Amino acid sequence: MLKIGKLLWKWRGALVTPPSVAAFVILGECFGLFQFLEWTAIDQFFRLRQAEPADSRIAIVSIGEKDITRVGKWPFPDGVIAELLEKVKAQKPRAIGLDLYRDLPVEPGHQALVAAFKSAPNLIGVEKALGQTVAPAPTLGELGQVGMADMVLDADGKVRRALISAGTPDGKIKLGLAAQLALMYLKAEGITPQPLGNNQLKLGKAVFVPLRRNQGGYVRGDTGGYQILLNYRGVGCRSETEPCPFASISMTDVLENRIPPGLMRDRIVLIGPIAPSLNDLFQTPYSSTLFQTPSPTPGVAIHANISSQILSSAIDGRPLLRVWPNHLNWLWILAWSVTGTAVNCMLLRVRILGKNSFFAGTVPSAFLTGLALTSISYLSFLSGWVIPVVSPLVAACASAIAIASYHNQYQLKLANEQLQKANAQLEEYSLSLENKVEERTRELEIAKKAAEAASAAKSEFLSNMSHELRTPLNGILGYAQILQRDKSLAGKQRDSVRIIEQCGSHLLNLINDILDLSKIEARKMELYPKDFHFPSFLQGVTQMCRIKAEQKEIAFTFQEINQLPAALYADEKRLRQVLINLLGNAIKFTETGGVTFKVGVLESRAPQESGQGKIYKLRFQIEDTGTGMSPEQLDKIFLPFEQVGDSSRKAEGTGLGLAISKKIVNMMGSQLEVSSQKGAGSTFWFDADLPESLNCIESAPDSPASSIIGYRGEKQRILVVDDRCENRSVFVNLLEPVGFELAEAGSGREGLDLVAEFNPHLIIIDLVMPEMDGFEMVRHLRSLPPFKDVPAIASSASVVNFNKERSRQAGCSDFLPKPVQATELFEQLQKYLQLEWIYEKEEKGGRHKEEKSRKDEKIVAPPLERLLVLYQAAQIGDIEAVEREASRLSQLDAKYRSFAARVLQLAEEFEDQKIVKLIEPYLRD
């Protein structure tokens, strides 16, 4: 007996440590200390598990971004949903789940949708019954064909549980959408739920046990209703191109009768959105890994997984995910605490890895027990049991550490002072390690905050950059347009103003390209169709590009292949942007030959709905005889910031034009195609389905805004409200010479005070101002009865869609972006003031004769030594030296004046290379 007592005293540490550590770990588990880590471990098991075969009993009709684009609006009209349901019903599915909230009618087609609801007894709609509720479709509610669409989210925002049923505040028990569909399917198989007591249900081969409070890692979690752990079949269904563990087809394919035979027959068919823009997305165990960003799963795919879990467990005996009761979990933790202690004691005793207790016992013990525990837990997971991983692993490791510590203390008692010193060093090392961990943790936290701040600042930076650059550009381009209207300027001064405008416009185009690219990356770019006169649109594009071609001395040809429609309903601005980009590139990379722009109608078809015009399939094709591209270059041309060709042309752009053009063409439902041959030229084309406008659209006037000198009728008063005097000055100098009476205000409050006194016919308001901004001023203005209908045009350098929409909601009639373009300004004034412009008739005859006589005059070259001076100055780009020498030539002899005038004209346009080409033939002679 005495020997047993000594043995127990000797091993007292090994006997006391496991239950003590297990008690602390169990206490921590009861307070949810390991909850998030347990969920993470289960998530890893889901991702490690081999993908299961697709469930042939379920099909999904997905609603993606292309389907929304096809219909053209969201929410879909009831008529579209009714047509979709009729197409699905015709396939004779066993059950239909409509995962769309339809609590309010959306015309047209509401009655057709009601009829479709009533004629489909196997259709189940959705409602949100918990929290912030959303009512079901009234007809389906009356028929009792409604299931809950509520998702149960864990504390980290992921869906790991399925809500089978729940009680509502009015005392009713409601089934979830997936459960209703599964039960409807099983009923046809002769399988119905049978209660077993203790809230358990037998369904076919499966027994369903609800998740109870404080089970499965859900400490103090909301386990209300009838919840089970969701045994996902697999990942997918997150986009229109990603594989899906269920048969899937897009809404467009269903509506256009492209349904594969047998896809839906005798199956559960779920209809729901997968488009990211609709935000019906949830995080799941498959959504993220340790090294990837989250990728959410659509709600309709989660409902499909729940239905599949019920069917496969009831019919096929597929394991359900179940958890142990708490007492088994506690025994499991205690068992691994004992295992960690025993393994560590054995390793310390044999000392295979040395004498150091940490490396000889703790680390190998933690590794071995962790490997064994993870393997057992994973195998249990495959068989349907979710058992704790983190808490027993913590218990095993903590026991190993504790027993190692006890071992060290025991050895210290038997050791001499040298061992005591070693122990002190070990403690110091432990403290130092803890400090380093804390320091590193703080550094990582600071780095994380910095990264989050940088990400959040990206959008704000782009918006601020646009605003700050557009504000001074408004003054530059505004006064360039004002000076161009000044008839007193000399030719050289007018050319200088034109160069200023070209440089400013180039900078503005670069800003717009960068903003367009940021919208593409954020998926915020949208099309805004309107009615426009198509021939005038093409004429404007071709005139602009013909001028560029003439400057390069190459041919430009426009061909109408056949009769084109007079008016279209499309996004005129984006279509023009694409064509000018493609034509500009063709001209830029063509040195000899020319560029051909072809437009033709490939086909036309009747509209899909009444009240719409014909749909024309138009082909836009641009051919050039330029440098062409190799196959390797063709693979890169649509990438952002990628430019091909020689370096001299790369410097002329940002490399964004083709990337943006491709995105816009894709948004139009088409593809931008290209064929090219190195050294022989390129051809770009795309086919766009554009509806004909039913409105009578007149062609735009030929006279530019610069030729407007007045208007007919009474004098119009315009109030300009802007906190920057240079912006107000642009409007005043553009409009006063035309005959408008203008008043200025430097703030929103000053503008309101001036309205009653000035009684304007129209107001131009800046949105961002101190004291009272433009939004608040317009809201105050609309509350005043005398001025509630006065047109108010918002003008701002913040051109994001949010500001445009806010200005309309505040009561603005229209939006005018800065820098202000005179053409857009006059168009809006004509629209809201019903003006008839008076244009200046330019006397072109005399100037044309003068230019013709100058061209017909024979050019005589100066002596060789003078030519060499000009040639060398032009080669190094010294325009001032070229101008000085050309002026000397014109004074030297009258016969050299034609030559000198040509050189001076090219020098004014900074065309040094053209001067070199002009001189070279004379040097060879």
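Residues numbered from 1 in each chain as written. Predicted model: local features only at pLDDT ≥ 70, side-chain atom pairs only at ≥ 80, totals over all residues. Heavy atoms only, no water.

Side note on the pattern of salt bridges
Rules: Take a side-chain nitrogen of Lys or Arg and a carboxyl oxygen of Asp or Glu: if they are within 4 Å of each other, that pair is a salt bridge. Helix numbering and strand numbering both begin at the N terminus, where a helix is a DSSP run of H or I of at least 4 residues and a strand a DSSP run of E of at least 2. We call a residue buried when its accessible area falls under 20% of the maximum for its residue type, exposed when it is over 50%, and partly exposed in between, using a 1.4 Å probe and counting protein chains only.
Going through the model one piece at a time under the given rule, you end up with 37 salt bridges. Ionic pairing is found between Arg 712 and Glu 836, a salt bridge with its closest N-O pair at 3.4 Å. Residue Arg 712 is located in the loop between β24 (708–711) and β25 (717–721), and its partner Glu 836 is located in the loop between α25 (822–833) and β30 (837–839); the two are separated by 124 residues in the primary sequence. Since its relative accessible area comes to 47%, Arg 712 is described here as partly exposed. Judged by its relative accessible area of 47%, Glu 836 is partly exposed. The salt bridge partner of Glu 744 is Arg 728, with a shortest N-O separation of 3.0 Å. Taken as a pair, Glu 744 in strand β26 (residues 741–745) and Arg 728 in helix α21 (residues 725–735) lie far apart in primary sequence, 16 residues in all. Owing to a relative accessible area of 39%, Glu 744 belongs among the partly exposed residues under this scheme.

A few points about the packing of aromatic side chains
Quick reminder of the rule: Within 6.5 Å between ring centres, the rings of Phe, Tyr and Trp (the latter by its six-membered ring) count as paired, and their orientation is classed by plane angle as stacked under 30 degrees, edge-to-face over 60, tilted in between. Any Lys NZ or Arg CZ that is within 6 Å of a ring centre and within 35 degrees of that ring's normal is treated as a charge sitting over the ring.
In the structure shown here, the tally under the stated rule is 21 aromatic pairs. Between the aromatic rings of Tyr 232 and Tyr 286, the centroid separation amounts to 6.0 Å while the plane-to-plane angle is 90 degrees, which identifies the pairing as edge-to-face. Of this pair, Tyr 232 sits in the loop between β10 (226–229) and β11 (246–250) while Tyr 286 sits in the loop between β13 (281–282) and β14 (297–298), and the two are 54 residues apart along the sequence. Neither Tyr 232 nor Tyr 286 differs from the other in exposure class; each is buried. Ring centres of Phe 740 and Trp 837 lie 6.3 Å apart, and the angle between their planes is 70 degrees; on these two criteria the pair is classed as edge-to-face. Here Phe 740 is found in the loop between α21 and β26, whereas its partner Trp 837 is found in strand β30, with 97 residues between them in sequence. Residue Trp 837 is classed as buried on the basis of its relative accessible area, which comes to 6%. Every member of this aromatic cluster is reached through a ring pair, and the members are Phe 45, Phe 46, Tyr 232, Tyr 286, Tyr 378 and Phe 381. Over the face of the ring belonging to Tyr 185 we find Arg 94, whose NZ or CZ atom lies 4.0 Å from the ring centre.

What about the sheet that holds strand β2 (residues 95–98)?
Put simply, the rule reads: Two strands qualify as a pair provided that DSSP identifies no fewer than 2 bridges between them. For helices, the axis comes from a line fit to the C-alpha atoms of the stretch in contact; other axes are also lines fit to C-alpha atoms, and the angle between any two N-to-C directions lies between 0 and 180 degrees.
Reading across the sheet, the six strands line up as β4-β3-β2-β12-β1-β11 and stay open at both edges, with parallel pairing between neighbours. Lying at the two open borders of the sheet, with one neighbouring strand each, are β4 (146–148) and β11. Taking the axes of each pair of neighbouring strands and ignoring which way they run, one obtains an average angle of 25 degrees across the sheet. Sheet topology places strand β3 (residues 123–127) next to β4; three bridges connect them, and they run parallel. Residue pairing in the sheet places Gly 125 in a bridge with Val 146 of β4.

Description of the packing of helix α29 (residues 897–908) against helix α30 (residues 912–924)
Just so we agree on the cut-off: Relative orientations are named as follows: roughly parallel for angles under 35 degrees, roughly antiparallel for angles over 145 degrees, roughly perpendicular for angles from 65 to 115 degrees, and oblique for any other angle. Pairs of residues are marked as contacts when any of their non-hydrogen atoms sit within 4.5 Å. Amino acids outside the nonpolar list (Ala, Val, Leu, Ile, Met, Phe, Trp, Tyr, Cys, Pro) and the charged list (Asp, Glu, Lys, Arg) are all regarded as polar, and Gly is one of them.
Packing of α29 against α30 brings their axes to within 9 Å, and their N-to-C directions diverge by 155 degrees. Here α29 lies roughly antiparallel to α30, going by the angle between them. Contacts between α29 and α30 involve Phe 899, Arg 902, Val 903, Leu 906 and Ala 907 on the former and, on the latter, Lys 914, Ile 915, Leu 918, Ile 919 and Tyr 922. Broken down by class, the residue content of the contact of α29 with α30 amounts to eight nonpolar, no polar and two charged.

Digging into the packing of helix α16 (residues 534–552) against helix α17 (residues 572–588)
For clarity, the threshold we go by: Handedness of a helix crossing follows the sense of rotation of the near helix relative to the far helix, less than a right angle counterclockwise being left-handed and clockwise being right-handed.
α17 packs onto α16 with a crossing angle of 20 degrees between their chain directions and a minimal axis gap of 10 Å. The angle between the axes of α16 and α17 places the two elements in the roughly parallel class. Taken as a pair, α16 and α17 cross one another with a handedness that is right-handed. Mapping the contact onto sequence places Phe 537, Val 541, Met 544, Cys 545, Lys 548, Ala 549 and Lys 552 in α16 and Glu 572, Leu 575, Arg 576, Leu 579, Ile 580, Leu 583, Ile 587 and Lys 588 in α17. For the contact of α16 with α17, the class distribution of residues is ten nonpolar, no polar and five charged.

Here's the deal with the nonpolar core
We count it as follows: Buried Ala, Val, Leu, Ile, Met, Phe, Trp, Tyr and Cys residues form a nonpolar core when they are joined through side-chain atoms within 4.5 Å.
Counting residues in each nonpolar core, the largest one holds 54 residues, and the members touching the most others are Ile 164, Phe 208, Ile 302, Ile 306 and Ile 310. No other element matches the eight residues that helix α10 (residues 299–316) contributes to this core. Here Ile 164 is in contact with Lys 174, Leu 175, Gly 176, Ala 179, Tyr 226, Ile 228, Ile 306 and Ile 310, once residues within four sequence places are set aside. Counting residues in each nonpolar core, the second largest holds 41 residues, with Leu 538, Ala 586, Ile 587 and Val 665 among its members.

Regarding α17
This is how the line gets drawn: Each residue after the first adds 1.5 Å to the expected span of a helix. We define a polar contact as two N or O atoms separated by no more than 3.5 Å, with the added condition that, inside protein, one atom must be a possible hydrogen donor and the other a possible acceptor, whereas residues neighbouring each other in sequence contribute only through side-chain atom pairs.
In a regular helix each residue adds 1.5 Å, so 17 residues correspond to 24 Å; α17 covers 24 Å between its end C-alpha atoms and thus fits that length. Within α17, 14 of the 17 residues are buried, which leaves it mostly tucked inside the rest of the structure. The opening residue of α17 is Asp 571, an N-cap whose side-chain oxygen sits 3.3 Å from the backbone nitrogen of Lys 573.

Here's the deal with empty space enclosed by the protein
The condition that has to hold: With a 1 Å grid spanning the protein atoms alone, the term cavity applies to any set of points in which a 1.4 Å probe fits but cannot get out, the term pocket to an open set with protein on both sides within 12 Å along at least five of seven lines, and the term lining residue to any residue with an atom within 4 Å of a point. Grid points are joined across faces, edges and corners, and a volume is the space filled by probe spheres set on the points.
In total, this model carries five cavities of 30 Å³ or more according to the counting rule given. Quantified by volume, the largest cavity comes out at close to 70 Å³. In terms of lining residues, the largest cavity is bounded by 13 residues, among which Met 148, Asp 150, Leu 163, His 303 and Ile 306 are the most central. When contributions to the lining of the largest cavity are tallied by element, the ones reaching two or more residues are β5 (161–167), α8 (177–188) and α10.

Description of the sheet that holds strand β6 (residues 173–175)
As a general point, the strands of a sheet are linked pairwise by backbone hydrogen bonds and lie either parallel or antiparallel. Overall, antiparallel pairing links the three strands, which are arranged β6-β5-β10 in an open sheet. The open sheet terminates on both sides in strands that have one partner only, identified here as β6 and β10. On average, each strand axis in the sheet is inclined to that of its neighbour by 20 degrees, with strand direction left out of account. Pairing geometry for β5 and β6, over three bridges, is antiparallel. Within β6, the position partnered with Ser 165 by the bridge is Leu 175.

Let's talk about a nonpolar patch on the surface
Just so we agree on the cut-off: Two joining distances apply to patches: 9 Å for like charges and 5 Å for nonpolar side chains (Val, Leu, Ile, Met, Phe, Trp, Tyr), and every residue must have over 30% relative accessible area and no salt bridge. Where accessible areas are quoted, they stem from the Shrake-Rupley method and a 1.4 Å probe; at the residue level, only the protein chains shown are allowed to cover.
A grouping of Leu 328, Leu 331, Leu 334 and Val 338 is seen on the molecular surface, where their side chains present a nonpolar patch of about 300 Å² in accessible area. Secondary-structure assignment places Val 338 in helix α11 (residues 326–350).

Notes on the confidence of the model for the chain
Rule in force here: By definition, pLDDT measures how confident the predictor is in each residue, and it falls between 0 and 100.
Per-residue pLDDT for the chain averages 80, and the proportion of residues at 70 or more is 80%. At the low end of the mean pLDDT range in the chain sits helix α26 (residues 845–856), at 44; at the high end sits β2, at 96. When the criterion is pLDDT under 50, residues 647–654 qualifies, and its contacts beyond four places in sequence or with other chains add up to 16 contacts. Confidence drops under a pLDDT of 50 for residues 842–857, and excluding neighbours within four residues, the segment shows two contacts in the predicted structure.

Regarding the pairing of strand β22 (residues 673–677)
By the bridge criterion, five bridges tie β22 to strand β23 (residues 681–691) in an arrangement that is antiparallel. Residue Gln 677 lies in a different strand from β23, and its bridge partner there is Gly 681. Between β22 and β23, which pair antiparallel one after the other, the connecting turn spans three residues, and Gly 679 there sits at a positive phi close to 85 degrees.

Describing α29
A rise of 1.5 Å per residue sets the reference length of α29, with its twelve residues, at 16 Å; its end C-alpha atoms lie 16 Å apart and thus fit the reference within 8%. Structurally, α29 contributes buried residues whose contacts are with α27 (864–875), α28 (879–892) and α30. Immediately beyond the C-terminal end of α29, within one or two residues, lies Phe 910, with a positive phi of roughly 60 degrees.

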